[in-house]
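Each chain, written out:
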Amino acid sequence: MFEIFNNTLILCSVKNRIIFNNLRSRTGLGKAIAFLFVLLACVWAVSDFSIEISGKILAMPFGYDINLLFFALIVMFVLFITFMGDLTTGHTINMGQMGSDFEYLQTLPVKPINIIILKLYERLINDYFGILVMLSAFVGISCRDGCSLTKIAIAIFLYLEFSLFSGLAINLMMIVFTRFFKKSTINNIFSVIGYLSAFLILVPFLLLDAYPQRFIAKVVSLYSNAETLIDTLFMPFLWVADCLVNKTFTVSFWYFSLFWAAIMLVGCLIYSTALKHIWFSYSYYGKKSSKNHGNNSFFKGIISKEFNMLKSDYNLLINSLLLPFTVIAAEIYVMKTVFSFTTVYSVMSLIFGAIIYFCMFGPVNSVGYEGKAVALIETLPITAAEFIRQKFYFWLCIAQICFLPATIFALRYLGFTYKVVMQSTLITVIFTACCVFLSVCVSAIYANYEAKVISQKSTFLGKIVALLVMLSASPIKYLNLMNALSFILFIVLTALMWFKAVHLLENRLDANELYNSKMRRADVIMVLVAYFATVVAVYQFVEALVPGLEIGHWPWSIALICVGPVAVAVVGPINAKQN
């Protein structure tokens, strides 16, 4: 027993050192501050939303059993969001259980229980998604009328149990996938899971927002007709809901803890059996195709490679193309039957949001998903500028082929005139081209060549930068002075991104030229332009929501809050590398 404990302690301490050194090598002080700021802001928002929802549920004119059922549904929904968000974002695959140390760990003179505890511990310390969603929601529900040590303790204990259970479930899922499927098939399965889970997450919101009384009445009626069956099926979640509603360690907490311990024991036994049979080391050998794809391909060069990548990877096909179009169709159908579109700008906002989502999955990862092959591309007779341009041409064609007909169809389906359709379509074409070009440049600046899934092929900071810049241009839906100013600032930011992307690709392996004086000046100018662009965007958003509202100097403060952490994260590493 002492040997097992000692070996586990040694493995966990080594894992802590590896993770700390990895974070220190990749993340400077500026990025750490920016990430902490964003995490705290999101935690506060989720907690505040949980407090609001809890108050509305408790105010409903139903009995304790019905209220407890609604809380149980919320707990189940939060667990589902955390579990599926972890899988679809690729966090666990990159940072935790899909690490490359399984083969090494199995060669050590340790028992399977040591590896199981190590992997669960690794999952727990990397579970920032669980802290962001699950822990924040639990703390918000339990502390809805004030904080105390007991309320926070019950939320933390429940979060730890759910986090460990989720980590074990992901481990077991990866064992099955690794044993029976190839790596490319696993990535495609995750893409399909992400597509399906997006609907399971959005459907409750759409139903509750569109038909609140009917939705609640349906749940109450279903519970009244099948109370015994529902109590049996949802019993673990009802135990958790009872703890959170009563804000203390009730007998339900101990019932749930015993149930959790039994589930974890069964899962660990399955995990141990898989480790003993070395399922993680299973290899597949595919037959080499005799067909010459290169000579028969309609496309040539970089564009041909991009086309083959898009054709073979479900992550790009589903998450960057199919998902936004499905959401657009569903929202337009629901909004037309429940609400009425008063202006074309509401439809354009929906289309612009889909374009931004497409760019965040496709073009913003386009350079990073070259991976180690970027070293081979650098040997080809092609400049960095031409390389970026060809990627831009490919993704621009894909975006225009998809979003141009979608815009025309959506506007005509909702009954707008041909003149409005033509003007809005022209604006959509320009906005799409600008966003795609900006995203490709950002992908070259913040490329993550070591990521194991395509959705992580650009860094988190790169995604934030691309999102903020595209959001600053999203209010541009008609021509006036503020929109013209916003468009000029957006063009200047895109030009600076282009200059920086070409320079970084040309000097990727030259540490002396990577951050020279021109780059430092470009970064300072970029931060200033981004600040003014955010100020203009805030003015436009407020004017669109509440026309004529006097907001004083608030846009300048909001822009500082938004751009400040990103500026620290961008400029901080440059100064550190120069020193």
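Counting of residues starts from 1 at the beginning of each chain's written sequence and follows it residue by residue. In keeping with the predicted nature of the model, local features appear solely for residues at pLDDT of at least 70, side-chain atom pairs appear and are counted solely at 80 or more, and the whole-chain, interface and lining totals rest on all residues. Hydrogens and waters are ignored; side-chain quantities use all the structure's heavy atoms.

Caption draft 1: Inspection of the overall build of the chain at higher detail. Only DSSP runs of H or I reaching four residues or more are called helices, and only runs of E reaching two or more are called strands; each is numbered from the N terminus. Within the chain, the secondary structure is distributed over 25 helices and zero strands. Relative accessibility thresholds used throughout: buried, under 20% of the residue-type maximum; exposed, over 50%; partly exposed, between the two (1.4 Å probe, protein chains only). Here the chain holds 579 residues, and 47% of them are scored as buried. When contacts within the chain are restricted to residue pairs at least 6 apart in sequence, long-range pairs at least 24 apart make up 79% of them. A contact between two residues is defined here by any heavy atoms of the two lying within 4.5 Å.

Caption draft 2: Expanded view of the confidence of the model for the chain. Residues at a pLDDT of 70 or more form 76% of the chain, whose mean pLDDT is 76. Low pLDDT, under 50, characterises residues 574-579; the stretch is placed with seven contacts to residues that sit more than four places away or in other chains. The predictor's confidence in any single residue is recorded as pLDDT, a number from 0 to 100.

Caption draft 3: Structural context of the pattern of salt bridges. A carboxyl oxygen of Asp or Glu within 4 Å of a side-chain nitrogen of Lys or Arg is what we treat as a salt bridge. This structure, assessed with the given rule, holds six salt bridges. Of the charged contacts in the structure, one is a salt bridge between Lys 151 and Asp 145, with a shortest N-O distance of 3.1 Å. For Asp 145, the salt bridge identified is with Lys 247, shortest N-O distance 2.8 Å. Here Asp 145, found in the loop between helix 7 (128-142) and helix 8 (149-180), pairs with Lys 247, found in the loop between helix 12 (235-246) and helix 13 (251-276); they are 102 residues apart in sequence, far enough to count as distant. Classification of Asp 145 as exposed rests on a relative accessible area of 52%.

Caption draft 4: Structural detail: a nonpolar patch on the surface. Like-charged residues are merged into a patch within 9 Å and nonpolar side chains (Val, Leu, Ile, Met, Phe, Trp, Tyr) within 5 Å, provided each residue has over 30% relative accessible area and no salt bridge. Calculation of accessible area relied on Shrake-Rupley with a 1.4 Å probe; when residues are assessed, cover is drawn exclusively from the protein chains displayed. A surface patch of nonpolar side chains, about 300 Å² in accessible area, is lined by Ile 152, Ile 156, Phe 157 and Leu 160. Tracing the chain through its elements places Ile 152 in helix 8.

Caption draft 5: Quick look at the side chain of Lys 151. Summarising the element assignment, Lys 151 is placed in helix 8. Here the side chain of Lys 151 touches Asp 145 through a polar contact of 3.1 Å, side chain to side chain. In contact with Lys 151, not counting residues within four places along its chain, are Ser 142, Cys 143, Asp 145, Gly 146 and Lys 247. Whenever a nitrogen or oxygen atom comes within 3.5 Å of another N or O atom, the pair is scored as a polar contact, on the condition that within protein one atom can donate a hydrogen and the other can accept it, and that pairs from neighbouring residues in sequence are kept only if both atoms are in side chains.

Caption draft 6: Local environment of the packing of aromatic side chains. Under the pairing criterion, centres of Phe, Tyr and Trp rings, with the six-membered ring standing for Trp, must be within 6.5 Å; the plane angle then separates stacked pairs below 30 degrees from edge-to-face pairs above 60, leaving the rest tilted. Counted by the stated rule, this structure contains 15 aromatic pairs. Ring centres 5.3 Å apart and planes at 40° place the aromatic pair Phe 162 and Phe 256 in the tilted group. In this pair, Phe 162 sits in helix 8 while Phe 256 sits in helix 13, placing the two residues 94 residues apart along the sequence. In this pair, the class of Phe 162 matches that of Phe 256, namely buried. Each member of the aromatic cluster is reached from another via a ring pair, and the members are Phe 157, Phe 249, Phe 253 and Trp 254. Whether a charge sits over a ring comes down to the Lys NZ or Arg CZ being within 6 Å of the ring centre and within 35 degrees of the ring normal. Positioned above the aromatic ring of Tyr 418, the side-chain terminus of Arg 412 is 4.2 Å from the ring centre.

Caption draft 7: Region of interest: the nonpolar core. Joining through side-chain atoms within 4.5 Å is the link that ties buried Ala, Val, Leu, Ile, Met, Phe, Trp, Tyr and Cys residues into a set, and such a set is a nonpolar core. Formed by 69 residues in total, the largest nonpolar core has its most connected members in Ile 355, Phe 358, Ile 388, Val 436, Met 470, Met 497 and Leu 505. For this core, the secondary-structure elements that each account for two or more residues are helix 15 (301-312), helix 17 (344-361), helix 18 (374-377), helix 19 (384-413), helix 20 (418-445), helix 21 (460-473), helix 22 (481-506) and helix 24 (517-545). Residues Leu 39, Tyr 223, Phe 237 and Leu 244 belong to the second largest nonpolar core, which totals 43 residues.

Caption draft 8: Examining the packing of helix 20 against helix 21 more closely. The axes used here are C-alpha line fits, helices contributing only the stretch in contact, and every angle between their N-to-C directions lies in the interval 0 to 180 degrees. One way to put it is that helix 20 packs onto helix 21 with a least axis distance of 10 Å and a crossing angle of 160°. The pairing of helix 20 with helix 21 is recorded here as roughly antiparallel in orientation. In the crossing of helix 20 with helix 21, the sense of the turn from one axis to the other is right-handed. Of the residues in helix 21, those touching helix 20 at Phe 431, Cys 435, Leu 438, Ser 439 and Val 442 are Gly 462, Ala 466, Val 469, Met 470 and Ala 473. Residue composition of the contact of helix 20 with helix 21, by class: eight nonpolar, two polar and no charged. For classification purposes, an angle smaller than 35 degrees is called roughly parallel, one larger than 145 roughly antiparallel, one from 65 to 115 roughly perpendicular, and anything else oblique. Crossing chirality is assigned from the near helix's rotation relative to the far helix, an anticlockwise turn below a right angle marking it left-handed and a clockwise turn marking it right-handed. Three classes are used: nonpolar for Ala, Val, Leu, Ile, Met, Phe, Trp, Tyr, Cys and Pro, charged for Asp, Glu, Lys and Arg, and polar for all others, with Gly counted as polar.

Caption draft 9: Here's a closer look at the side chain of Lys 391. Checked against the element boundaries, Lys 391 lands in helix 19. When its relative accessible area of 0% is taken as the criterion, Lys 391 is described as buried. Of note is the side chain of Lys 391, whose polar atom sits 2.8 Å from the side chain of Glu 370. For Lys 391, the contacting residues outside a window of four places in its chain are Ile 302, Lys 305, Glu 306, Ser 366, Val 367, Tyr 369, Glu 370 and Val 440.

Caption draft 10: Region of interest: the environment of Ile 408. The topology assignment puts Ile 408 in helix 19. Setting aside its immediate chain neighbours within four residues, Ile 408 contacts Val 421 and Thr 425.

Caption draft 11: View of the environment of Val 46. Inspection of the secondary structure assignment puts Val 46 in helix 2 (residues 29-58). Through-space distance from the C-alpha of Val 46 to that of Phe 138 is 9.7 Å; in sequence the pair is 92 residues apart. Those residues in contact with Val 46 that lie beyond four places of it in its chain are Leu 132, Val 133, Ser 136 and Ala 137.

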